[in-house]
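Notes for the structure review
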Amino acid sequence: MELRGDAGTHRASATAGRWSPETLLFDVRQAVRALAGQPAVTALAVATMALGIGAVTAIFTVVRAVLLSPPPFDEPDELLLLSERTADGEEMSAAWPNYLDWRRDARVFEGLAAYRNEGFGLTLPEGPVRVYGGQVSADFFRLLGVEPLLGRTFTAEEDRPGGPRAVILTHRAWRTWFGGDRSVLNRSVRLDGEPHTVVGVLRPDFRFLQPDEDLYVPIGPWGDEPSWLDRGNHWDLLAVGRLREGVTAADAAAELDVIARRLEREHPRTNSGQRVDARRFDEVRVQDVRSPLRLLFAAVGFVLLIACANVANLLLAAGARRRREVAVRAAVGASPPRIARHLLTESVLLSGAGAAAGVGLAVWGTGPLAALAPADIVGLDRVRVDGAVLAFAAGVALLTGLAFGSVPALHAARLDLRGALNDESRGSTSRSQQRVRGALLIAEIALALVLLVGAGLMLRTLLRLAAVEPGFTPDSVLSAAVVLPDGRYGEPERRETFVFEAVRRLGELPGVRSAAAVLCPPVAGSCWGSIYLVGGRPVPRQDRLPRARFNVATPDYFRTTGIPLLEGRGFTTADRAGAPPVIVVNETMARLHWPGRSPLGERIKRGWPQDDEPFREIVGVVGDVPQDGLAATPLPEVYFPYGQQRPSYLTLVARTSGDPMRLARPLVREIRGLDGDLPVEDVQPLAGYLAESTASRRFYGQLLGVFAGLAIFLAGIGVYGVVAGAVSHRTAEIGIRRAVGAGRREVLALVLRQALGPLLAGLALGLAGAAALTRILEALLFGVSTRDVPTFVGVSLVLVAVALTACAIPARRALGVSPLVALRGE
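No experiment lies behind these values; they were computed from the predicted model shown.

**Examining the environment of A687**
Structurally, A687 can be placed in helix α22 (residues 687-693). According to the relative accessible area criterion, A687 is partly exposed, its value standing at 31%. Separated by 211 residues in the primary sequence, A687 and S476 have C-alpha atoms spaced 8.5 Å apart.

Okay, here's the thing in structure tokens:
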């Protein structure tokens, strides 16, 4: 044994109770020397911690960017988002006249601004493109406390009907489409065919509610449209309010409730039962991702704990081989605290090296991680490894180093000096160490099982979703969205002419078997709900009128998409303005109101009893199509013929005889031939909507699967380490047993018993923990219980199989022990 450090040991012993830079430097040098003397242990420990710290750092970058980074607004915790809800609790956006009343009458706000997400056709030299942005009131940016990078925000003159048309660009749009040219101010750009003057460019960090917004225009020019002035219309409008000093959110909610009740009395036709939802901006901004991201952070924390347990076990095993070295240090004067500090320095260095490698893994992994994430998560563009992330990784390294190093350090501090100096005890493992290593292995297995159950439940969910019959046949169907701007297609007749001509041209393309257009394609979740009346039945209370999805389609739509016609007929070219008003309902609507009999000939009226909307005859019944994703329960849905209800937004669909994407360019070419300023967006197979509807679940399921894979890999290494260590320390015993006649089966049973106890205990604890913790997955599951027995049993068997596989190498080594060699070693 090398004793060159003894002088330093005496010197450190003299200052064992005091800390100084000199003692720290001495500890680091000694720790580096000790780690270099056991390269295999050091490499394995560093690799293990790199996996754990790298994973937790990568997820922290996402959590910090999305959940922890405040929006770039002044005092965002004082901002409230206002919307409305029906008497039965259904959330909906605000009606424009209601917003105007809130702004006029509410005294709890410093100001109230309007916001609405909308799409626009932007004409560029290379052709029109579809972009998304916000329609906002003039005081929107002032209320948020946002100053533009270039130019100014909107004026009151621009925010009124007939005012000058202005536009503010986001930083991304400015760089992407205008090359970051500072002379873009006062330049004219065409939106939906109308010229708009660029008056400002926003700062790079500005994001509101949607990550894909590229520009903003004043909302006022739309404020005098008849449809906007109808309190029954809710055009995706939100109000943004900043609380006055000293006013709480509860105060605001109480005053808004008083205003809502007054509006209910004044406008019973449209406002019966409606109330105002006032929620903090920060809560709304992350409401869809907070729980899943917390779940992922907890999962990756489990991986880090397993890594720490693994390294602690590894250091305990190494400590058994270093007992004599530690005993010599104690014998020449090193105190127990001094020895513990030396070993803790080693563990912190190991963890620091693992953190350095882990940060490298995180830098490599955050790019793909952000790319795989659903595109609607605000803040993903801020995901990066910066100083705060490095500080987090350093903190994790310090804490984990102290955590996994404390166990071997405490054992070393309580070392039996006489026994350790006995040659015969060299490399032996005390019973207390064996118990601690077994407890650490139990914890590893339990944590791994919890992660495996979570990943198994998500896998079962994805399999169930894949088995759901969508109610239509998306194969070989191409879709493309088109929006007809009011400036050029304000008259319904012009919209009808364009749509039917576009469908005709599309249907005549080579390889197209049929073509049609629809307001809301299947699974897209873009159709709005509305109240309705059933003909020949008593009118319910105003706040108890039923609601249904209302869609619009051209002839041949059901045949093109493969939605089955169950009864009656679909639409024909005769279903135009002036013809008898007709509708087609889905199966859920038919069962709801006419169970056990045909609804054909029955009548439905959309809207309130006082509305001029006519009753429409049901001429057909079609199969259910989930509008809000495959996991959503089908709702009552009503289809209007396009000739009698002519919206400006539609999706063209074409069933092809081969790969639908081969017709993408011809489709765009035909639309451009009808209107060169009209952008065509979302050109994709109809099956793409199915993939989008499960994108979030796939993302979270994939990450849980990766973390569960890491956990089971680390748990397997842990089982191997414990069993291999036990076999190494019991080599003599195994040799003696072989010498007195023990067979291969007895030796194998002896080896497996080393893993069986911790395995069974870990499985029991893991199953109990999974039953309690997987409840937080409930919102992400579909068709699977959080206590799904096949999943619990299946992942338990997987973990048993991994443990048994990890025992194979030590078992083979034990079976190969020669009694003569073992006894000679003794």
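**Considerations on unusual backbone geometry**
The phi dihedral of N186 falls on the positive side, at around 70°, and the residue is not glycine. For N186, the position within the fold is in the loop between α6 (171-178) and β7 (188-191). A residue is classified by how much of its surface remains accessible, and N186, at 65% relative accessible area, is exposed. In the Ramachandran plot, D556 falls in the positive-phi region, its phi being about 75° despite a non-glycine side chain. Note that D556 resides in the loop between β15 (547-553) and α19 (557-561). With a relative accessible area of 34%, D556 lands in the partly exposed category.

**With respect to the pattern of salt bridges**
Scanning the entire structure with this criterion turns up 34 salt bridges. Residues R104 and D105 are paired through a salt bridge, measuring 2.8 Å at the closest nitrogen-oxygen approach. For R104, a relative accessible area of 49% gives the class partly exposed. When its relative accessible area of 22% is taken as the criterion, D105 is described as partly exposed. One salt bridge connects R591 with E587, and the closest N-O pair in it is separated by 3.3 Å. Note that R591 and E587 are positioned in helix α20 (residues 587-593) at a spacing of 4 residues, about one turn of the helix. In the salt-bridge network here, residues are joined through shared partners; they are D101, R104, D105, R231, R262 and E266.

**Describing the environment of D251**
Within the secondary structure layout, D251 lies in helix α8 (residues 249-266). For D251, a relative accessible area of 39% puts it in the partly exposed group. Spatially, the C-alpha atom of D251 lies 7.4 Å from that of V108, the residues being 143 residues apart in sequence. If near-sequence neighbours (up to four positions away) are discounted, D251 is found in contact with V108 and G246. A distance of 3.0 Å separates the side chain of D251 from the side chain of T248, its partner in a polar contact.

The rules behind each value
Residues numbered from 1 in each chain as written. Predicted model: local features only at pLDDT ≥ 70, side-chain atom pairs only at ≥ 80, totals over all residues. Heavy atoms only, no water. Helix = DSSP H or I, 4+ residues; strand = E, 2+ residues; numbered from the N terminus. Buried < 20%, exposed > 50% of the residue type's maximum accessible area, 1.4 Å probe, protein only. Salt bridge = Lys/Arg side-chain N within 4 Å of Asp/Glu carboxyl O. Contact = heavy atoms within 4.5 Å. Polar contact = N/O pair within 3.5 Å; in protein donor to acceptor, adjacent residues only side chain to side chain.

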